[in-house]
Amino acid sequence: MEFVILAVAIAVIALAAISGLVVSSRKKKQLPPTPPSSPSVTAPPAEPHVGEEAEPTTREQPRRTIEEVDLPVAEAPAAPAEPEAPEAPAIEVPEPTAGRLVRLRARLARSQNSLGKGLLTLLSREHLDEDTWEEIEDTLLTADVGVAPTQELVERLRERVKVLGTRSPEELRGLLREELLNLIGTDADRSVHTESGVGVNGEEKPGVVMVVGVNGTGKTTTTGKLARVLVADGKSVVLGAADTFRAAAADQLQTWGERVGARTVRGPEGGDPASIAFDAVKEGIAESADVVLIDTAGRLHTKTGLMDELGKVKRVVEKHGTVDEVLLVLDATTGQNGLVQARVFAEVVDITGIVLTKLDGTAKGGIVVAVQRDLGVPVKLVGLGEGADDLAPFEPEAFVDALIGNGG
Ligand code: GDP
């Protein structure tokens, strides 16, 4: 009798294992096709690397009861949730980057209403008394322009309005445009440096871009959107999923990559970000890719931990050659808090450019001025929505025009 029960139990376990295998092999077949023309040396999703410790759940398996293993199909859906991963991505052609900011200006204009239009309304008042100047100052401060730039701007406006005498709306608009442009600066190099160079062994090395920032700012989304920008500009891209801290980040990035045919190099969750970043550049060199984009983790709970990790990622990548660009992603809606974060990152790695995300959802576009002043680094890209092509090169003129409602 005991023997029969044992035999049944073994049969059930064997069945469960077989159907489990079927489920997992079916799942693998559903994975989107590998992008063409690349060696398949990158790690497939969520499979542990050699030398990695087994997951705790694997170790606990021998202790499972028959009732538990009797439900393999019900367990199968417990695969990692992929909230932002659409199914079966086909390779897309991203929209050209030229003129994106102009296309997206309506979103900017909508969200910036209280700044540009508010200033124009105030400046158009018949009597520009002290109260009005104070209101102008408040408007700028509320839009996160920052104290010093606000005072400078108000001083310049006061002088120029005095000289102007009569103030037609067009004159005021022109004057404000000029002064805002002065504040933002039109001379900075705002291009994202992605030119390939020479690696440490004399081989051709892709341009290497690290994307850093606090989790939640839109870092992974921005890395994905930037891949599209580069592909739209005719470049081939390899992605490095070095944000191993946030569970879904690597899946999210891989999905972005697959949509435009860019390979993603990834490792196990909680794995070593520096080694993934290293492998990504290695893969980029092997594939003769034009650019390698590395998404990093941005937890701020201990500054030292962050410093160690980001610093290490950069140093390890530099074993292949230079890192050409370190982009800091900042959420424009976080205001002063965002600035504090930005300073911490600037201490850790040399930031070479800023990406301001979620400018579509805030009236606080003045952060462009404040953050540039604070870090001495130009804003290079702006995020204006959740759409795949809602990342635009930052152009001061188009930005200011949207702010004050010029040209449409
Ligand atoms: P990460 O943790 O920094 O990698 O953040 P994610 O890339 O996952 O983005 C967090 C959320 O911000 C997501 O829901 C994104 O769709 C959203 N997001 C990113 N950029 C923008 C943007 O420019 N505008 C808007 N409205 N949402 C954005």
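In this text, all values refer to a predicted model and were calculated from it rather than measured experimentally.

## Some points on the overall build of the protein
Helix and strand counts for the protein come out as 16 helices and 10 strands. Taking all 408 residues of the protein together, the buried fraction comes to 47%.

## What about the site of the ligand?
The environment of the ligand is made up of 17 residues, and the closest members are Gly 216, Lys 219, Thr 220, Thr 221 and Glu 386. Lys 358 has a polar backbone atom sitting 3.0 Å from an oxygen atom of the ligand. At 3.4 Å, a backbone N or O of Leu 384 approaches an oxygen atom of the ligand. Relative to its unbound accessible surface of 590 Å², the ligand loses 84% to contact with the protein. Examining the composition of the shell around the ligand, we find that 4 residues originate from one element, helix H10 (residues 219-232), more than from any other. Grouping the amino acids of the shell around the ligand by side-chain chemistry returns 2 nonpolar, 9 polar and 6 charged.

## Considering unusual backbone geometry
Although it is not a glycine, Ser 288 adopts a positive phi angle of roughly 55°. Here Ser 288 lies in the loop between helix H12 (273-286) and strand S6 (291-296). The phi torsion at Lys 358 lies on the positive side, around 60°, for a residue other than glycine. Assignment of secondary structure puts Lys 358 in the loop between strand S8 (353-357) and helix H15 (367-375).

## Concerning the confidence of the model for the protein
The pLDDT averaged across the protein works out to 79; a share of 75% of its residues lies at or above 70. Counting contacts from residues 12-77, a segment whose pLDDT is below 50, to residues more than four positions away or on other chains yields 41 contacts.

## Some points on a negative patch on the surface
The grouping of Asp 129, Asp 131, Glu 134 and Asp 138 at the surface amounts to a negative patch. Structurally, Asp 138 can be placed in helix H7 (residues 130-142). With a relative accessible area of 44%, Asp 138 lands in the partly exposed category.

## With respect to the pattern of salt bridges
For the structure on display, the rule yields 23 salt bridges. For Arg 156, the salt bridge identified is with Glu 179, shortest N-O distance 3.0 Å. Of this pair, Arg 156 sits in helix H8 (residues 147-164) while Glu 179 sits in helix H9 (residues 169-184), and the two are 23 residues apart along the sequence. Via salt bridges that share partners, Glu 92, Arg 100, Arg 228, Arg 259 and Asp 389 belong to a single interconnected network.

Rules used throughout
- Residues numbered from 1 in each chain as written.
- Predicted model: local features only at pLDDT ≥ 70, side-chain atom pairs only at ≥ 80, totals over all residues.
- Heavy atoms only, no water.
- Helix = DSSP H or I, 4+ residues; strand = E, 2+ residues; numbered from the N terminus.
- Buried < 20%, exposed > 50% of the residue type's maximum accessible area, 1.4 Å probe, protein only.
- Near = heavy atom within 4 Å.
- Polar contact = N/O pair within 3.5 Å; in protein donor to acceptor, adjacent residues only side chain to side chain.
- Areas by Shrake-Rupley, 256 points an atom, 1.4 Å probe, with all protein chains shown as cover.
- Nonpolar A, V, L, I, M, F, W, Y, C, P; charged D, E, K, R; others polar.
- pLDDT = per-residue confidence, 0-100.
- Contact = heavy atoms within 4.5 Å.
- Patch = residues over 30% accessible without salt bridge, like charges linked within 9 Å, V, L, I, M, F, W, Y side chains within 5 Å.
- Salt bridge = Lys/Arg side-chain N within 4 Å of Asp/Glu carboxyl O.
- Lys, Arg positive; Asp, Glu negative; His and termini not counted.
- Charge placed at Lys NZ, Arg CZ, Asp CG, Glu CD.

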